[in-house]
Amino acid sequence: MTIQAYGAQAADQPLQPLAITRRAPGAHDVQIAIAYCGVCHSDIHQVRSEWAGTLFPCVPGHEIVGRVAAVGAQVSGFAPGDLVGVGCIVDSCRHCADCGDGLENYCDHMIGTYNGPTPDAPGHTLGGYSQQIVVHERYVLRVRHPAAQLNAVAPLLCAGITTYSPLRHWKVGLGHKVGVVGIGGLGHMGIKLARAMGAHVVAFTTSESKRDAARALGAHEVVVSRNRGEMKAHAASLDFILNTVAAPHDLDPFFALLRRDGTMALVGAPASPHPPSNVFSLIMKRRSLAGSLIGGIPETQEMLDFCAEHGIVADVEMIRADEINAAYERMLKGDVKYRFVIDCASLAP
Ligand code: NAP
Ligand code: ZN
Ligand code: ZN
């Protein structure tokens, strides 16, 4: 089936309309009519070849929501009309220890929703800036939010799970003081989720203009991280820091905020390394530096259900597909509160 999409032919080209093909649904496949797709900073990193290995044409998008259009003969968990989501993963080996643990995100053969190998044309996966997608049922998520909130659910499929997973792994909850660094698409979800888990949340931003906005998201305190005095007030007091910043920056001022045995988990994935850190920042209070990659399929379902139960969605600004290049420029300036979401109906010719 040929459908409309938006993508780039090369790293230095703007995104433009593309006609792409999707496979006919196999026995275990779910064909989804995409309603909305969130715009993740990883889309910019990849479509511009800032990380190694981007294949072209590149159709980004891994924050996908829509309705089931058709199902294969063996699919029992989904039916036409169901509200569903697809995140960053569309396949994995299904038999390694990571897949067995429901941590497909750490499978060596995890297939990304775009830019991953596939027998389908053109030989690599094409993402959610498109009208339809066909995905094996194992990697399809059920959306239990009201249909009217569907556009604001889309960012949960990457920004939501990427922040939920480390908050759960490091057991954030009541009695914890948690820092969220970088208040963009990921960071604003980190604030909402950490708050809903019961933590005391401190937001760290470089943008003075986000001071009030971060409080409105649920942060108990907001620190403008360029202000040394404000930073010092939180010295050695945080149990956990979730760092979502999309650009290289000095990590040492944030290590200094961790209490003894505290951990900073990096989820931001800048194209070039952070400046070197002073090892004493870690040694002195037995602090840890960690990383975390999205989340597995069962945990993504758990996160969606947690958000439905707590009434959590993303704060979104809706765009048409033909506004995507301008949206990227605004994201690079930090000028979005907090996630652009493409209305995929705008792809119709
Ligand atoms: P985003 O919406 O663009 O937000 C990034 C935030 O980082 C900005 O809002 C800004 O926050 C801060 N920031 C940006 N440039 C900065 C700079 N030069 N100096 C200091 N702070 C800066 O991006 P996102 O979609 O949340 O993604 C964030 C990062 O996470 C990206 O690198 C993305 O590729 C990565 N990511 C990783 C995973 C994973 O599995 N680990 C999953 C998804 C995304 P303030 O204005 O508040 O300072
Ligand atoms: Zn993403
Ligand atoms: Zn596996």
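Residues numbered from 1 in each chain as written. Chains lettered and ligands numbered in written order. Predicted model: local features only at pLDDT ≥ 70, side-chain atom pairs only at ≥ 80, totals over all residues. Heavy atoms only, no water.

Q: Where do I start with the packing of aromatic side chains in this structure?
A: The geometry of an aromatic ring pair is captured by two quantities: the separation of the ring centres and the angle between the planes. Per the stated rule, a full pass over the model turns up 3 aromatic pairs. Geometrically, the ring pair formed by Trp170 and Phe240 is stacked, given 5.5 Å between the ring centres and 25° between the ring planes. Of this pair, Trp170 sits in the loop between helix 4 (159–169) and strand 10 (177–181) while Phe240 sits in strand 13 (residues 238–243); the two residues are 70 residues apart in sequence, bridging distant segments of the chain. Its relative accessible area of 3% is what places Phe240 among the buried residues. (Phe/Tyr/Trp six-rings, centres within 6.5 Å; stacked < 30°, edge-to-face > 60°. Helix = DSSP H or I, 4+ residues; strand = E, 2+ residues; numbered from the N terminus. Buried < 20%, exposed > 50% of the residue type's maximum accessible area, 1.4 Å probe, protein only.)

Q: Sorry if this is basic, but what is going on with the coordination of the zinc ion (ligand 2) here?
A: Ideal geometry at a metal centre gives angles of 109.5 degrees when four donors are arranged tetrahedrally and 90 or 180 degrees when six donors are arranged octahedrally. All of the protein donors around the zinc ion (ligand 2) are Cys40 (SG), His62 (NE2) and Cys158 (SG); their distances to the metal are 2.0 to 2.2 Å. We note that the donor set of the zinc ion (ligand 2) lies within a single chain, spaced as C-x21-H-x95-C. Linking Cys40 in the loop between strand 3 (29–38) and helix 1 (41–47) with His62 in the loop between helix 1 and strand 4 (64–71), this pair joins segments that are 22 residues apart in sequence. Classification of His62 by relative accessible area gives buried; the value is 7%. (Donors = N, O, S within 2.8 Å, 3.2 Å for Na, K, Ca; no water.)

Q: Got a minute to help me understand the coordination of the zinc ion (ligand 3) in this structure?
A: Protein ligation of the zinc ion (ligand 3) involves Cys93 (SG), Cys96 (SG), Cys99 (SG) and Cys107 (SG), the donor distances falling in the range 2.3 to 2.4 Å. Seen from the zinc ion (ligand 3), its 4 donor atoms lie at angles of 103 to 115°, and the figure they make is tetrahedral. We classify Cys93 as buried; its relative accessible area is 17%. Taking relative accessible area as the criterion, Cys96 reaches 23% and is therefore assigned partly exposed. (Tetrahedral: all angles 85-135°; square planar, octahedral: opposite > 155°, others 65-115°.)

Q: Honestly, the domain arrangement of the chain in this entry has me stumped. Any pointers?
A: In terms of domain boundaries, the chain breaks down into domain 1 (2–158 + 315–347) and domain 2 (160–291). Taken together, the two surfaces of domain 1 and domain 2 that pack against each other cover about 1300 Å², and 56% of this comes from carbon and sulfur. Where domain 1 meets domain 2, there are 1 salt bridge. Taking the shortest distance from any N to any O, the salt bridge between Lys192 and Asp315 comes out at 2.6 Å. In this assembly, domain 1 and domain 2 are joined by 11 residue pairs in polar contact (both at pLDDT 80 or more). (Domains from an automatic or database assignment. Buried area = accessible area lost by both parts, 1.4 Å probe. Salt bridge = Lys/Arg side-chain N within 4 Å of Asp/Glu carboxyl O. Polar contact = N/O pair within 3.5 Å; in protein donor to acceptor, adjacent residues only side chain to side chain.)

Q: Looking at this structure, I do not really get the nonpolar core. What am I missing?
A: Grouped burial of nonpolar side chains is what soluble globular proteins tend to show. Counting residues in hydrophobic clusters, the biggest one holds 94 residues, and the most contacted among them are Val39, Tyr129, Leu167, Ile191, Leu193, Ile324 and Tyr328. Here this core spans two domains, and each of domain 1 (2–158 + 315–347) and domain 2 (160–291) adds at least three residues to it. Ignoring sequence-local partners within four residues, the contact set of Val39 consists of Glu63, Tyr129, Ile319, Ile324, Tyr328, Met331, Arg339, Phe340 and Ile342. If you look at the next biggest cluster of nonpolar residues, it comprises 14 residues, including Phe204, Leu238, Phe255 and Leu266. (Core = buried A, V, L, I, M, F, W, Y, C linked by side-chain atoms within 4.5 Å. Contact = heavy atoms within 4.5 Å.)

Q: Can you walk me through empty space enclosed by the protein in this structure?
A: Unfilled space is identified by rolling a water-sized probe across the atoms. Taken as a whole and judged by the stated rule, the model has 1 cavity of 30 Å³ or more. In this structure, the largest cavity occupies an estimated 60 Å³ of space. Along the walls of the largest cavity sit Gly87, Cys88, Ile89, Leu141, Leu157, Ile161, Ile294, Gly295, Ile297 and Thr300, which together make up its complete lining. Its residues assigned to classes, the lining of the largest cavity comprises 7 nonpolar, 3 polar and no charged. (1 Å grid on protein atoms, 1.4 Å probe; cavity = no way out; pocket = protein on both sides within 12 Å on 5 of 7 lines; lining within 4 Å. Points joined across faces, edges and corners; volume = space filled by probe spheres on them. Nonpolar A, V, L, I, M, F, W, Y, C, P; charged D, E, K, R; others polar.)

Q: Would you explain the site of ligand 1 in this entry?
A: In the vicinity of ligand 1 there are 27 residues, among which His41, Thr205, Thr206, Ser207 and Arg339 approach most closely. Here an oxygen atom of ligand 1 and a side-chain polar atom of Ser207 are 2.5 Å apart. In the complex, 87% of the free accessible area of ligand 1, which totals 920 Å², lies under the protein chains. Ranked by residues supplied to the shell around ligand 1, first place goes to helix 1 with 3 residues. (Near = heavy atom within 4 Å. Areas by Shrake-Rupley, 256 points an atom, 1.4 Å probe, with all protein chains shown as cover.)

Q: Please clarify how the packing of helix 4 against helix 5 (residues 185–196) should be interpreted in this entry.
A: Packed helices, taken two at a time, are described by their axes: the angle between them and the distance between them. At their nearest, the axes of helix 4 and helix 5 sit 8 Å apart, and the two run at 50° to each other. Put simply, helix 4 runs oblique to helix 5. Like other packed secondary-structure pairs, helix 4 and helix 5 cross with a definite hand, here right-handed. Seen from helix 4, the contacting residues are Ala159, Gly160, Thr162, Thr163, Tyr164 and Leu167; seen from helix 5, they are Gly185, Leu186, Met189, Gly190, Leu193 and Ala194. Among the residues making up the contact of helix 4 with helix 5, the classes are represented as 7 nonpolar, 5 polar and no charged. (Axes fitted to C-alpha atoms, helices over the stretch in contact; angles between N-to-C directions. Parallel < 35°, antiparallel > 145°, perpendicular 65-115°, else oblique. Left-handed = near helix turned anticlockwise from the far one by under 90°.)

Q: Which parts of the structure should I look at to understand the packing of helix 4 against helix 10 (residues 297–310)?
A: It is at 10 Å that the axes of helix 4 and helix 10 come closest, and there the two elements cross at 100°. On the basis of their axis angle, the class for helix 4 and helix 10 is roughly perpendicular. From helix 4, Gly160, Ile161, Tyr164, Ser165 and Arg168 reach across to helix 10, where they touch Glu299, Thr300, Glu302, Met303 and Phe306. For the contact of helix 4 with helix 10, the residue count by class is 4 nonpolar, 3 polar and 3 charged.

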